[in-house]
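# Breakdown of the fold
Chain by chain, the residues:
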Amino acid sequence: MPYSCKTLIKTDQELASREKRLSICLGADGFSFSETSTAGMLLTFGEVEGLHADTMTDVMRDIKTLFASIGIRPLGYASSELIVLTDESVWVPDELYSSANMRKYLKLMGAEPVTVMTCHSQALASTSVFAAAEHVVMAFKVTMPGVVVLNQHAKMAQLTPQSIGRMVLFTHWRKGRVDVAAFNNGRYLYGNTLAFGNSDEAIYHVVDVMKSFNLESSATEMLMCGDVDRDLFAHARPYFPRVTLFNGTAKQSANPEFQQLHTYRHALILM
């Protein structure tokens, strides 16, 4: 079905596109997006639902139709990014990376993706190789010239030094999956997607990451964002010295409706 806007919150403040940033998080059944000013004010938030069309041309049509219907022209932004949620990815250090081996990197992880994409992290001197629906990603790239494409692990690795001056397990929760990024005093140690069948198994996996990277300390904090409910949050608390809902980078907003938004569910596009 074509895309439809499930949630839309906007402000009356009008800014030129060059004074705004656009961030989109692409899922299997739609996407979410935010517009922020270059000064850090949250201007627009939206949740879009609908299955992605089967061809690039049809996806482009649906993107243009949706944005036109809500008054967004996805061009000319100071910066724009498309975060692709993927279940299959691997980091490859620059000195080992070869574009000729992209599929082999994932095959060694036991994955057999139809299409493979990459994003580079200069800070980590590594390339993330990941599976993605190429026709959907390319539709966004054509519709939004200059958009930077990255996956959730590359985005999570951007957690600011001010937020990670201690031992941190940054977790992004999805249906049957938890994306984990481990940091020690600002240094990124590990990032992966872990599958689970229930919350017990999920917490076990995150605890295993904590132990494997020697992050057991009274200062260790687990940050949770994404699909987190009260039960999951309560279940995690006994296993970590500190558990916190991560709401992204704090942003001002002129619209009181934003106060009702569960920002931790959409933290990746609010960082």
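Reference entry: report on the structure contained in this document. (Residues numbered from 1 in each chain as written. Predicted model: local features only at pLDDT ≥ 70, side-chain atom pairs only at ≥ 80, totals over all residues. Heavy atoms only, no water.)

Before going further, it helps to spend a moment on the pattern of salt bridges. One pass over the full model with this rule turns up 11 salt bridges. For Arg61, the salt bridge is made with Asp58, and the minimal N-O distance between the two is 3.2 Å. Note that Arg61 and Asp58 are positioned in helix 1 (residues 56-69) at a spacing of 3 residues, about one turn of the helix. Judged by relative accessible area, which is 28%, Asp58 ranks as partly exposed. (Salt bridge = Lys/Arg side-chain N within 4 Å of Asp/Glu carboxyl O. Helix = DSSP H or I, 4+ residues; strand = E, 2+ residues; numbered from the N terminus. Buried < 20%, exposed > 50% of the residue type's maximum accessible area, 1.4 Å probe, protein only.)

Before going further, it helps to spend a moment on helix 1. For helix 1, spanning 14 residues, the distance from its first C-alpha to its last is 20 Å, which sits close to the expected 20 Å at 1.5 Å a residue. Of all the positions in helix 1, only Val59, Met60, Asp62, Ile63, Leu66 and Phe67 are classed as buried. All buried residues of helix 1 fall inside an arc of 165° around its axis, so they share one side. Across from the buried face of helix 1, at angles greater than 90 degrees, the exposed residues are Thr57, Thr65, Ala68 and Ser69. Close packing links the buried residues of helix 1 with strand 1 (4-10), strand 2 (20-27), strand 3 (30-37), strand 4 (42-49) and helix 3 (134-143). Among the residues trailing helix 1, Gly71 stands out with phi positive, at a value near 80°. (Expected span 1.5 Å × (residues − 1). Arc of directions from axis to C-beta. Contact = heavy atoms within 4.5 Å.)

In sheet architecture, strand pairing relies on hydrogen bonds along the backbone and comes in two forms, parallel and antiparallel. Across the sheet, which stays open at both edges, the 6 strands sit in the order 1-4-3-2-5-9 with mixed pairing between neighbours. Only two strands of the sheet have a single neighbouring strand rather than two, namely strand 1 and strand 9 (148-151). Strand-to-strand twist of the sheet, defined as the mean angle between neighbouring strand axes without regard to direction, takes the value 15°. Pairing between strand 2 and strand 3: 8 bridges, direction antiparallel. When the sheet's bridge partners are listed, Cys25 is paired in strand 3 with Ser32. The sheet strands contacting helix 1 are strand 1, strand 2, strand 3 and strand 4, and the helix crosses strand 3 at an angle near 50°. Helix 3 contacts strand 2, strand 3, strand 5 (79-84) and strand 9 of the sheet and is inclined by roughly 165° relative to strand 2. (Pairing = 2+ DSSP bridges. Axes fitted to C-alpha atoms, helices over the stretch in contact; angles between N-to-C directions.)

Next up on the list: unusual backbone geometry. Negative phi is the rule for most residues except glycine; trans is the rule for most peptide bonds. One non-glycine residue, Ala125, adopts positive backbone phi at about 50°. Relative to the elements of secondary structure, Ala125 occurs in the loop between strand 7 (116-121) and strand 8 (126-131). Even without being a glycine, Asn214 presents a positive backbone phi close to 55°. Along the chain, Asn214 turns up in the loop between helix 5 (199-212) and strand 13 (221-226). Of the residues examined, Asn214 reaches a relative accessible area of 61% and is grouped as exposed.

The subject of this paragraph is the environment of Thr115. Considering the arrangement of structural elements, one finds Thr115 in the loop between helix 2 (102-108) and strand 7. Overall, the relative accessible area of 18% leaves Thr115 in the buried class. Residues in contact with Thr115, not counting those within four places in the same chain, are Arg103, Phe130, Ala131, Ala132, Ala133 and Glu134. In this structure the side chain of Thr115 is engaged in a polar contact, spanning 3.5 Å, whose partner is the backbone nitrogen of Glu134. (Polar contact = N/O pair within 3.5 Å; in protein donor to acceptor, adjacent residues only side chain to side chain.)

With mixed pairing, the 5 strands of this open sheet are ordered in space as 12-11-10-13-14. Each edge of the sheet is formed by a strand with only one pairing partner; in this case those strands are strand 12 (187-195) and strand 14 (242-245). For this sheet, the mean inter-axis angle between neighbouring strands, taken without regard to orientation, is 20°. Pairing geometry for strand 10 (residues 167-174) and strand 13, over 6 bridges, is parallel. Paired with Phe170 across the bridge in strand 13 is Leu223. Most of the contacts of helix 5 go to strand 10, to which it runs at about 150°, and overall it touches strand 10, strand 11 (177-184), strand 12 and strand 13.

By the definition in use, this model includes 11 aromatic pairs. Relative to Phe67, the ring of Phe31 lies with its centre 6.1 Å away and its plane at 55°, an arrangement referred to as tilted. One end of the pair, Phe31, is in strand 3; the other, Phe67, is in helix 1, and 36 residues separate them in sequence. Residues Phe31 and Phe67 agree in their burial class; the two are buried. (Phe/Tyr/Trp six-rings, centres within 6.5 Å; stacked < 30°, edge-to-face > 60°.)

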